[in-house]
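What follows is each chain in one-letter form.
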Amino acid sequence: MSSATTAKPKKTVQKQTAVKGPTNVLIVGVGGQGVIMVSKILARLSQLQGLQVKQSEVHGMAKRGGSVFSHIRFGEEVWSPTIPMGEADVVLGLEWAEGLRWLRYLKPGVGTFISDTKRIVPPFSCRDRRHDARHGYAHHTIAEIVAQVPSAYAPDATGMATELGNERVANTILLGLLSTVMDFPVESWREVLAEFVPPKTLDTNLKAFEAGRAWTKQDHKPLVDDAATQAAPEPLLKREVKLEITESWCKSCDICVKMCPERCLALNDHQIVELVKPEACTGCRVCEWLCPDFAIAVHVSTVPINTISAEAAGEVQA
Amino acid sequence: MSKLALNLKSLQKAGEKSDHKFEIRDYLRLDLFPHFLCPGCGHGIALRALLWAIHDLDIELDQLAVVSGIGCSGRLSAYIDANTFHTTHGRPIAFATGLKLARPDLHVVVITGDGDCLAIGGNHLIHAARRNLDITCIMLNNEVYGMTGGQVSPTTSLDRYTTTTPLGNQEPGFDACALAKGAGATFVGREVTLQTTALKNLMQEGLSHDGFSFIEVISDCTEIYGRKNELGSSPEMVLSQKRSILPKFDGTAVDKPFRAGNWDTGVLVREDRPEYYKAYRKHCHKVLGTAAVKK
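None of the values given here were measured: they were computed from a predicted structure. (Residues numbered from 1 in each chain as written. Chains lettered and ligands numbered in written order. Predicted model: local features only at pLDDT ≥ 70, side-chain atom pairs only at ≥ 80, totals over all residues. Heavy atoms only, no water.)

J.: Is there a simple way to think about the overall build of chain A in this case?
T.: Of the regular secondary structure elements, chain A holds 13 helices and ten strands. The long-range share in chain A, meaning contacts at least 24 apart out of those at least 6 apart in sequence, stands at 64%. (Helix = DSSP H or I, 4+ residues; strand = E, 2+ residues; numbered from the N terminus. Contact = heavy atoms within 4.5 Å.)

J.: How do you make sense of the pattern of salt bridges when you look at a structure like this?
T.: Scanning the model with the defined rule gives 18 salt bridges over all chains in all. In this structure, the salt-bridge partner of B:D134 is B:K100, at a minimum N-O distance of 4.0 Å. Here B:D134, found in the loop between α6 (122–131) and β4 (136–141), pairs with B:K100, found in helix α4 (residues 92–102); they are 34 residues apart in sequence, far enough to count as distant. We note a salt bridge from B:R190 to B:D175, for which the minimum N-O separation is 2.6 Å. Here B:R190 is found in strand β7 (residues 187–192), whereas its partner B:D175 is found in the loop between β6 (151–152) and α7 (176–183), with 15 residues between them in sequence. Each member of the pair, B:R190 as well as B:D175, carries the same accessibility label: buried. Through salt bridges with shared partners, one network takes in A:E187, A:R190 and A:E210. (Salt bridge = Lys/Arg side-chain N within 4 Å of Asp/Glu carboxyl O. Buried < 20%, exposed > 50% of the residue type's maximum accessible area, 1.4 Å probe, protein only.)

J.: When you look at the packing of helix α3 (residues 35–48) of chain A against helix α7 (residues 170–181) of chain A in this model, what are you seeing that I'm missing?
T.: Any two packed helices are characterised by how steeply their axes cross, that is the angle between the axes, and by the distance between the axes. Residue and element names in this part refer to chain A. For the pair α3 and α7, interaxial distance at closest approach is 10 Å and the crossing angle is 35°. As for how α3 packs across α7, the hand of that crossing is right-handed. Seen from α3, the contacting residues are M37, V38, I41 and L42; seen from α7, they are N171, L175 and L178. Split by residue class, the contact of α3 with α7 holds six nonpolar, one polar and no charged. (Axes fitted to C-alpha atoms, helices over the stretch in contact; angles between N-to-C directions. Left-handed = near helix turned anticlockwise from the far one by under 90°. Nonpolar A, V, L, I, M, F, W, Y, C, P; charged D, E, K, R; others polar.)

J.: What's the story with the sheet that holds strand β5 (residues 112–115) of chain A in this structure? I'm lost.
T.: Paired through backbone hydrogen bonds, the strands of a sheet run either parallel or antiparallel to each other. All names here are of chain A. Within the open sheet, the six strands sit side by side as β2-β3-β1-β4-β5-β6. Their pairing is mixed. In this open sheet, the two strands that pair with only one neighbour each are β2 (52–58) and β6 (151–153). Sheet twist, expressed as the average angle between the axes of neighbouring strands with direction ignored, equals 10°. In terms of strand pairing, strand β1 (residues 23–30) meets strand β3 (residues 67–75) through eight bridges, oriented antiparallel. What sits directly across from G29, in β3, is V68. Against the sheet, α3 makes contact with β1, β2, β3 and β4 (90–93), and its axis sits at roughly 5° relative to β3, the strand it touches most. (Pairing = 2+ DSSP bridges.)

J.: Even after reading the chapter, I still don't get the environment of A:L206, so can you show me in this structure?
T.: Residues and elements named next belong to chain A. Among the secondary structure elements, L206 is positioned in helix α9 (residues 202–218). C-alpha separation for the pair L206 and W189, spaced 17 residues apart in sequence, amounts to 10.0 Å. Residues in contact with L206, not counting those within four places in the same chain, are R190 and L193.

J.: Got a minute to help me understand the packing of aromatic side chains in this structure?
T.: Here a ring pair, both rings aromatic, is described through the centre-centre distance and the interplanar angle of the planes. If you walk through the whole model with that rule in mind, you get 14 aromatic pairs over all chains. Considering the side-chain rings of A:F294 and B:F33, the 5.8 Å spacing of their centres and the 50° angle between planes classify their relative orientation as tilted. Here A:F294 is found in the loop between α12 (286–290) and β10 (296–304), whereas its partner B:F33 is found in the loop between α1 (3–18) and α2 (43–56) on a different chain. Taking 5.8 Å as the distance between ring centres and 50° as the angle between the ring planes, the aromatic pair formed by B:F22 and B:Y27 counts as tilted. (Phe/Tyr/Trp six-rings, centres within 6.5 Å; stacked < 30°, edge-to-face > 60°.)

J.: Sorry, what's going on with the nonpolar core here?
T.: Side chains that are nonpolar tend, in soluble globular proteins, to be buried together. One finds A:L265, B:L50, B:L51 and B:M203 to be the most contacted residues of the largest nonpolar core, which totals 56 residues. Looking at this core element by element, the count peaks at eight residues for α2(B). Not counting residues within four places of it along the chain, the set of residues in contact with A:L265 comprises A:L243, A:C256, A:V257, A:C260, A:V273, A:E274, A:L275, A:V276, A:C287 and A:I296. (Core = buried A, V, L, I, M, F, W, Y, C linked by side-chain atoms within 4.5 Å.)

J.: When you look at the environment of A:Q49 in this model, what are you seeing that I'm missing?
T.: Residues and elements named next belong to chain A. Inspection of the secondary structure puts Q49 in the loop between α3 and β2. The buried category is assigned to Q49, whose relative accessible area is 4%. In the structure, Q49 is positioned 26 residues away from G75 in sequence and 9.8 Å away in space, judged by C-alpha atoms.

J.: Where do I start with the confidence of the model for chain A in this structure?
T.: Residues shown with low pLDDT carry predicted positions that ought not to be read at fine detail. All names here are of chain A. Averaged over chain A, the pLDDT score is 80; the fraction of residues at 70 or greater is 77%. Note that pLDDT drops below 50 for residues 1–19; the model gives that stretch 14 contacts with residues more than four away or on any other chain. Confidence drops under pLDDT 50 across residues 307–318; counting only partners more than four residues distant or on other chains, this segment forms five contacts. (pLDDT = per-residue confidence, 0-100.)

J.: How should I be thinking about the pairing of strand β3 (residues 107–113) of chain B in this particular structure?
T.: Along any regular strand the residues' side chains alternate between the sheet's two faces. Residue and element names in this part refer to chain B. Burial of β3 is extensive: six of the seven residues sit out of reach of the surface. Here strand β1 (residues 64–68) runs beside β3; their pairing, made up of five bridges, is parallel. Looking at the pairing, V67 lines up with V110 of β3. Sheet topology note: the β3/β4 ladder contains five bridges and is parallel.

J.: Mind showing me how you'd approach the confidence of the model for chain B here?
T.: When the pLDDT values of chain B are averaged, the result is 87; 88% of them are 70 or greater. Segment residues 1–19 of chain B is flagged for pLDDT under 50; beyond a separation of four residues in sequence, or across chains, it makes 18 contacts in the model.

J.: I'm lost on the sheet that holds β3(B) in this one. Help?
T.: Residue and element names in this part refer to chain B. Judged by pairing direction, the sheet is mixed, and its eight strands sit side by side in the order β2-β1-β3-β4-β8-β7-β10-β9 without closing on themselves. The sheet is open, and its two edges are formed by β2 (83–86) and β9 (245–247), each paired on a single side. Ignoring strand direction, the axes of neighbouring strands in this sheet form an average angle of 20°. Sheet strands in contact with helix α8 (residues 196–208) are β3, β4, β7, β8 (213–218) and β10 (263–270), and its direction is about 165° off that of β7.

J.: Could you clarify how one ought to interpret the side chain of B:H35 in this entry?
T.: With respect to the helices, strands and loops of the structure, B:H35 is situated in the loop between α1 and α2. Polar side-chain contacts of B:H35 include one of 2.7 Å to the backbone oxygen of A:P292. The residues contacting B:H35, other than those within four sequence positions of it, are A:K251, A:P292, A:D293, A:F294 and B:Y79. (Polar contact = N/O pair within 3.5 Å; in protein donor to acceptor, adjacent residues only side chain to side chain.)

This is the structure in structure tokens:
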């Protein structure tokens, strides 16, 4: 490289990248994983290369277990801050289900899909609080997804980060992976990374960055992690809950009715407690524990799933 | 197997384990039921926690002696199908002391109320705590003399209305745990009835502690105290317990004799001091000679 180019790196890079229209990167994840951090690094990096950058994000859902996403568009000229559906060159998922949620934003046929296989099951997918209930988390296997996308990387970044000693550098590992599919010089990545991460964690982050780069070199086919890909198992056992209410002991104090998390108890016309929604009862025993009169006894039995009546079995399948 | 599946399995296992073969009816004198307590009274919940703790510790009912005094709490011993004493007002700890010294093989539990324990039997409490005899004293604190019609008790909070304080109580309420600690109890804990499992665990620790253990249970008197002070219905009173506690980590003790505001809950004191019966036997062996001391 001539001295002229080192003095003015902007032009060189502009030539190198040679973008027509903006490059679109969509970074998604769950609150607290570092989505914003990754997008900041990428935006700063593009700025340093003399490109126009527009970034748009939704954040603040971290405490609600919600999804966080960040649109980054950079190029010689960028007009709109958000990426239209089906236009993203890269979708970077820091969490598996979030990656899948935004998959349709990927440019069909050419886009690159990078996603951690880490599964963070959100509370909302566990709304059915019965013990045998299946959660509503994405049941697709990694192999299924990878087959649909021409260029997909699904490392177990969180696992790798844990091996490095800090689970939180998972995003840097993915950043390293991202650096292999982008055209920016590696040195700039490192510099910008050093600018943004806390000084104490710089060493680990640089190691993580290299680990991410090395992962692609090791094996260009996405690794399939058995433990993470396995869909939620069908329950083999079912808990059957029976509420035994001793009517003559009930003093209609109303504690169980008001305390039941599923609201499945009520006082009847005689002011005696009654199970009005047996299907909602999870057998959590709160009513039993808080009944001062010992009028409620919860009997929980675990029965193999194939011994339940046909009707109940149909319900489970549905 | 995925992590989730493992979790599900362990949950099921835990469920089956504590999902417990604990049937409270095995521990009750069923012919006395339904019990005499008012609707929504927290004492019933405390009784369940005690029996549950006894179940989890595998204590045989024959090996259990429950002593109680007078008051709403005093009636609880009658419902337990074990060796039970319903003694005179304020004296359950004195009875229990004699019982434990005569039959050290028994697990002796005292169920007492706030008036029974702190007013009429206040002296017995402090000396039992000082002696450190292996007794578990469970004080059910509902801040009022419920059975006799709602008179002010040593633990009634400031400005509360009772039949004897119609204009509002102006005596500061006792912090029973601070008292027990000051008198030298080696295990002091406090819990609310709302947290039944925590209460059970606390009782379990108190029962297995070697020495005098004092457990204060914050209970609700809904019919008399709650009604007079407009504290709401039974569920509202139970739920309000959650707002009035400050759970503490093991060993962080209270040091205020009078309670102001929130209750510290959890294990407040845990000390290691020679247990009285063992120390006494040792002394007898030393003074009288081993041959002279009965087994």
